[in-house]
Amino acid sequence: MMSTVLEVQDVASGYGEVQILWGVSLRLEEGKLTTLVGSNGVGKTTLLRTVTGLLRPWKGKVLFQGKDITRLPPHERANAGIALVPEGRQLFTDMTVAENLEMGAFSRRAIAHRRKNLERVFDLFPRLKERQQQKAGTLSGGEQQMLAVARGLMAEPEVLMIDELSLGLSPVLSLSLFETMRQLRAEGLTILLVEQNVHMALAISDYAYVLSEGRIWMEGPAREVAAREEIRQAYLGM
Amino acid sequence: ARPTPTPTPPPPKPTVAPTVAAPAMEASTPTPVVRKAVIGFTASQTGKLNVESTRQINGLTLWMEQVNAAGGLKLADGSVVLFEAKFYDDESNKDRVQELYTRLINEDKADFLISPYSSGLADAAAVIAEQYGKIMITTGAASDSTYKKGYTLVYQTYTPASRYLTGAFDLLGALDAAVKKVAIIHETDKFSTDVCNAAKAYGEGKGYEIVLFEGYDSGTADFAPFINKIPAGTEAIMGGGHFADGSTFARQLYEKGVSVKFIALLVAPPEPKFAELGDAALGIIGPSQWEPQAKYSPEAAQAAGLEWYGPTVEEFVSAYKAKFNEDPSYHSAGGYAAGLILQKAIEAAGSLETDKVKAALDAMAIMTFFGAIKFDTSAEAHGLQIAHQMVYIQWQKDAAGNLVKQVVWPAEAQSAQPLYPLSR
Amino acid sequence: MLAQILASLVDGILLGFVYGLAAMGLSLIWGVMRVINLSHGAIMALGMFGIYLTFTHLGLNPYLALLLLAPASLLFGFLVYGVAVHRIINAPYLSSLLATFAVNMMVIGIGTAVFTTSLYNVDFSLGTVRAGVLALPGTRLAAAAAAVLITAGLYLFLYRTRPGKAIRAVANNRAAAALMGIPPAQTLALSFGIGTLLAALAGGLITTFFPFTILSGSGYQSKSFVICVLGGLGNPLGALLGGLILGAMEGLIPIVLPVSWVPVVEFTLFVLILLIRPSGLLGART
Amino acid sequence: MKPWRQPGFWIPLLLILVGGGVALVVRKDTLREMTFTLLMYVALASSLNILMGYTGYVNFGHIVFFGLGGYTGFYFISRHGWHLVPAALVGGLTSALLAALLGLAVLRLRGAYFALATIGINEAARAFVNNFRPFGGPTGLFVNFAIYREYGGAPQALWLTYTLLLITTLVAVAVSYTVKNSRFGLGLLAIREDEDAAMVMGVRTPRAKTIAYVISAFFPGIIGTLFFFKNGNVEPGDAFRLHMSIEVLVMIMLGGNGTILGPVLGAAAYERLRGYLLTSPLFKSLHLAFAGLALLLIVLFIPAGLVGWLRRRFPVLRRWLE
Amino acid sequence: MILQVENVSKRFGGLQALQDVSFELPEGQILGLIGPNGAGKTTMFNVINGVYPPESGRVIFRGEEITGLPPYEVARRGLARAHQIVRPLNELTVRQNVMVGACYGRKGLSYAAAARVADQVLERVGLAERADQLAGSLNVAQKKRLELARALASHPYLLLLDEVLAGLNPTEVAAMLDLLRRIRDEGVTILMIEHVMQAVMNISDYVIVLDYGKKIAEGTPQEVANDPRVIEAYLGDPKLARCLLEGEESDACPPSEKGV
Ligand SMILES: Nc1ncnc2c1ncn2[C@@H]1O[C@H](COP(=O)(O)OP(=O)(O)OP(=O)(O)O)[C@@H](O)[C@H]1O
Ligand SMILES: Nc1ncnc2c1ncn2[C@@H]1O[C@H](COP(=O)(O)OP(=O)(O)OP(=O)(O)O)[C@@H](O)[C@H]1O
Ligand SMILES: [Mg+2]
Ligand SMILES: [Mg+2]
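It should be emphasised that the depicted structure is a prediction, and the values quoted were computed from it without experimental measurement. (Residues numbered from 1 in each chain as written. Chains lettered and ligands numbered in written order. Predicted model: local features only at pLDDT ≥ 70, side-chain atom pairs only at ≥ 80, totals over all residues. Heavy atoms only, no water.)

1. A look at the coordination of the magnesium ion (ligand 3)
All names here are of chain A. Taken together, Thr45 (OG1) and Glu87 (OE) make up the protein donors of the magnesium ion (ligand 3), found 1.8 to 2.2 Å from the metal. One end of the pair, Thr45, is in helix H1 (residues 44–52); the other, Glu87, is in the loop between strand S6 (82–85) and helix H3 (97–104), with 42 residues separating them in the sequence. Overall, the relative accessible area of 17% leaves Thr45 in the buried class. On the basis of relative accessible area, Glu87 is assigned to the partly exposed category, the value being 37%. (Donors = N, O, S within 2.8 Å, 3.2 Å for Na, K, Ca; no water. Helix = DSSP H or I, 4+ residues; strand = E, 2+ residues; numbered from the N terminus. Buried < 20%, exposed > 50% of the residue type's maximum accessible area, 1.4 Å probe, protein only.)

2. Focus on the interface of chain D and chain B
With 37 residues of chain D at the interface, the matching set in chain B holds 33 residues. Taken over both partners, the interface formed by chain D and chain B buries close to 3000 Å², and the fraction arising from carbon and sulfur atoms is 49%. The largest share of the area that chain D buries against chain B comes from Thr30, Thr139 and Phe145 of chain D, three residues that together contribute 19% of it. If you look at where chain D meets chain B, you find 3 salt bridges. We note a salt bridge from Lys190 of chain B to Glu235 of chain D, for which the minimum N-O separation is 3.7 Å. Applying the counting rule to chain D against chain B returns 10 residue pairs in polar contact (both at pLDDT 80 or more). (Contact = heavy atoms within 4.5 Å. Buried area = accessible area lost by both parts, 1.4 Å probe. Salt bridge = Lys/Arg side-chain N within 4 Å of Asp/Glu carboxyl O. Polar contact = N/O pair within 3.5 Å; in protein donor to acceptor, adjacent residues only side chain to side chain.)

3. Here's the deal with the interface of chain D and chain C
Tallying the contact residues gives 41 residues for chain D and 35 residues for chain C. Of the roughly 3300 Å² buried where chain D meets chain C, counting both sides, 82% is carbon and sulfur surface. For the chain D face of the interface with chain C, the top three residues by lost area are Tyr113, Leu116 and Asn131 of chain D, together amounting to 18%. Scanning the region where chain D abuts chain C turns up 2 residue pairs in polar contact (both at pLDDT 80 or more). Elements with a contribution of two residues or more to the side of chain D that touches chain C: helix H4 (84–106), helix H5 (111–131), helix H11 (242–255) and helix H13 (287–301) of chain D. No other element matches H5 of chain D, which puts 14 residues into the side of chain D that touches chain C.

4. Things to note about the environment of Ala82 of chain E
All names here are of chain E. Mapped onto the fold, Ala82 is located in strand S6 (residues 79–82). Judged by relative accessible area, which is 0%, Ala82 ranks as buried. For the pair Ala82 and His195, spaced 113 residues apart in the sequence, the C-alpha separation amounts to 15 Å.

5. Here's the deal with helix H14 (residues 305–313) of chain D
Turning to H14 of chain D, its buried residues are Gly305, Val307 and Gly308 of chain D. Buried residues along H14 of chain D cover an arc of 125 degrees about the axis, so they all sit on one side. (Arc of directions from axis to C-beta.)

6. Quick word on unusual backbone geometry
Trans is the common state for peptide bonds, and a negative phi is the common state for residues other than glycine. Between Trp409 of chain B and Pro410 of chain B the backbone carries a cis peptide bond, its omega angle lying at 0 degrees. The topology assignment puts Pro410 of chain B in the segment after strand S16 (403–409). A cis amide bond links Tyr420 of chain B with the next residue in sequence, Pro421 of chain B, at an omega value of -10 degrees. Considering the arrangement of structural elements, one finds Pro421 of chain B in the segment after S16. Even without being a glycine, Ser118 of chain B presents a positive backbone phi close to 90 degrees. We note that Arg27 of chain D has phi near 55 degrees; this positive angle belongs to a residue other than glycine. Positionally, Arg27 of chain D belongs in the loop between helix H1 (7–26) and helix H2 (29–55).

In short, geometric facts, not functional conclusions.
Structure below.
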């Protein structure tokens, strides 16, 4: 039996008085790659912010490895093994590439694996290895995205969530990133992906959720979802 | 409304302090009419003037307690005046002084006013006193300018600023006629600036060359820039301002090994705390409004042809020590003296009426433990203190090697020979 | 003339070390938390009295007393952060200005009630080193050395240790730091605590050569603003350099102008730098 | 939009008129002195509010205008024998001119940097006047008691000063209202909310800010002249107290930043509170600490100030409490 | 030509956000500006209305060069803008927000007149009943309408709209498109950035495509949608292009314009 690593139960959330999420439920199975599909502004980022604790849910629960973490502050969730590559990169722009990566491995669980992860990250993104001493803020947009993903990988997480994986990356690089995601999944990492390139995302995912107007509109194995007529029309442009 | 005293021929004036006179008075008059005279003032209970102001108020309080304890002050009509203090905290700030003095006059019905500590605050209060026709004795306020504004009811206890440091030039001249180059470095507040401008003019008049004349901000802690500016060949340094900066200046002069023959600073040296500087204090000269060592006495008064009034120096010092558990500073003595002046004037007037007391003040020429007191009565500088003299103290070492204050000038008040030149 | 310039420069620079140290805490808190700590001067005064009390009542060597002062002031910083700053850390900056000013009023108010505003002195001397025209009091040399040590220590802490890097990360991007598992509130409290500690240490060192009152901190605080703007925010080296520049200026300007013009020049320069390079002469260009 | 038909306009004016008029009617000197201080702070706070409340620029140097304007006005009284009224106007205009020059430069700074620059300006101005000979340098300026004769004696002079202050305060508050409820004021409010957006909407922000700064600076110049005239002297230390700037700022915060009534109530409340703390035997020695505590509580728990809080809590009051 | 952009380049540090971009806007039309994220569209707006001065190139508005003029000068010449990231003046009421636009727009209305115009415009965008609410309390969609209302209140000649349709549901999009058409019909030229393709292709008279700071195509919606470079860089899918070309009835199209 597969076990559920992360579960979102009937979460409602929003900003100020504006409600964005209206009772979203979602499960991430261990070692699976799940993708979250939805148009601009439906609340994908809002959901990820709620899962990581940057946003307090108005109602509902977030369970991690069976434990209720709804009230934990973000840094404790991070230490527990939830990593997010946030929308807009959110790098430490005044710190060097190396320091950014080091911050990625700040949690106690990650320190032990720092060396190993650093090697892998440099393998993946040789450019970062060249630029270790460069200030993150001076990197090009694509390099910054690489660094953001790399920083997430340094966390040695249980669950890796990536908001807009291929944003601002050249097609070649986005392709290779998708390949990396597949590889990580093969290594047993649980991944939640938010991606504009729905084609690719569905192609590499095990399972998919479709978010619409703050609600889960549809879910199912990625292959099946991709095959559904309404999805093909609404999100795949077919 | 105060009861107007019925005019009766004045009894012979007591020429001794009320402390001494008290028992006799109580025995002779069984139940005199008791009247209350309210003395109004503000105190700097907070803010930067807190310390000096507190001492001044202590002195004033001591005076009042003594008078009241002695049964009050007997007036010509046989009634007895008991004094009562009304005061507020002025926070060492000018903006409330006027409000508070107006309140003292109008609400608290103060009969007489004592000034706040410091020239600036006293200046603000003086306007109010004059406006309401109340007599104000200033103390702790040495500026000359207050008395050049056309006031008629403001009287100064202290030697005015313009004569604060002039004695230092006299002393220097007496010690060493060859010295000519003097540097003056002073705080740029009103008081110190007045003092040093006057001293500069006086010194130049006496043929001294003022090789450096600079001011520093209140609150300055670092004097290195000034010390570095003192030209080579300078033989004497004068100036300073208040305690904080003055003591710091003295200390840094010592640390920097500035070798001059003579240092005289304002305000700070007479403070007992100045001794905490240790060797840096040795030989520093400072003008003081008053010192316990000063030799003012009934005999001296007689010699000067003045009436002696109030306690002797020793009586004042021991009473103050007993009450406040510390040596009186000149602020304390000034506070007491302000009360004493008022007492004498009321006594001489035989009345609490402003006009009569004013006339008594104008005519006053006495000597007290604080020194001689006489006021200018000209229109240009009415109320300016013209009789009181500064004494100059110097920190010296006694036989046991402890720092002690000695009065070194004027010659007739000397308690020890000046230490000269400074050896550094 | 040359002798005067040399003496003034050396004096100014020695003083500059202390200025730099005084500014460092302000710079750290400002740089990291975007909070202009108006209680900085009051905390410096507390440091002064801390040393005064341990020196006069316990007879402790001032430099040893600094070691006691450090943890005490760190705790005090945590307290101030928790009570006054944490709630408004994300509010408009006027709130934090006023909140820290309120702390300033409380400290000064209580301090005045306890110590009055009279002058205190730590009567401690390390003698004077003389070399030609120079006369350098030992305590100032020691303070300069301490300033260098503390700067280096702080630099190493911020750039080499985990909590130090965490502070910089939080300063840079609070949300992202939380995502990395760095507790932002604790980290902010720590930086406020360190800022407070630095202020107290600076105050403590000053007692060994300048007398002080409970109000003495405010002058150093104003100068610290100038230094922060000179040196850029958040960087200890910048603060030290800014302090040295200011110290040297204070030493050298009097050679050509009356000393009383120094603050005019100083603060005019301050406003000018703000206008031309708000991120500081040594800070990054924005 | 006739202002006199709006309760938000006449409530503060009426408050001031009644509060300040009592002393004039009863002719009680103590009351006059008390109210003088109060009115002075009301006017200072209301004028600072025109900059800080409407454009959001926190000015720690409001007192510079009080000091420099007051110095200038007082200079003409003491050195050139001017009458108080023209001198006060010149004091106000000098402050306004200074603000125009300064504003063009420092208003380019935003946020905390502007606030810091104003601290710097305050210190520089104080140090400058300390060295400025025509203003008497460190010793300042004073007037001879005899000049009060020109006004029919000292009491008359004081009552005149008081009346002028009352008028100034009324004008300051009326101007504050008019600015807020005008096209110009709307531009200022837009700057406060989002300066860049305001620019995009066509608000000439540099000019608007400078004009607000100038208006805000005019009143302290007048008030300074009146205050120093009443005191009979002026010294640099009294004229440029940073602390006073901050107190005025606290008053605005207490009453409600950006409101008309807020600075009026805030100044009154703060002055009374301080007066109470100062005279109460319990708090006397700790009054500063208690004032600090009060400030902290306001900042932490009612950041919108008294009026702001009331408006938020009871929206019906919006029409009444402007 | 109401607006001419000539060889505009703009860089941020090492990033060339705009490179040698030129285009022209004829009066009285709706023009679409599309391109991938980060292509430089918003930057183009910022250059046009004076938020950023360009490194090189010129912007000419109604025959007058406005390059480098501050935004408020540009606004007063009749060029209004609605922001991509909404910027309401939170502590002011909705009416006051719109009044700012009216007071400082092309006509520079008086306070009283601005209040009247504000009420009319609010009626038009459907915010009339919220006029006295604080702007900060609106939800995102309402804030977008407020952005539009503020821009309209300034009586502009040219309206720059940065993703005003984002966050609106299909019904709202349709209503908004109606409104935009009516505004155009009143003679106001509109330049709109939009990712909601269906809408852009429907409403635009002309479309300009940016990619990596360069103009890669322009033309009618049909022309653009058929441009292979546009398909490669932006549309990414030939089928979608066909849908856009053929209109909503095409079987290649998704059921509603959820965007891409
Ligand atoms: N800080 C905020 N305050 C108010 N509203 C916000 C905030 N952040 C996002 N929103 C709004 O919440 C809604 C959902 O936003 P969210 O970022 O979750 O969408 P998304 O699905 O991630 O979209 P995208 O594909 O554009 O990233 C949007 O309408 C957005 O405008
Ligand atoms: N102030 C700035 N400093 C540095 N880089 C900037 C700045 N503003 C924009 N950029 C960069 O310039 C590029 C173009 O940005 P722009 O906002 O114009 O894109 P856009 O086409 O509007 O994208 P979107 O569709 O996402 O709104 C981006 O890579 C962006 O990161
Ligand atoms: Mg998102
Ligand atoms: Mg954009």
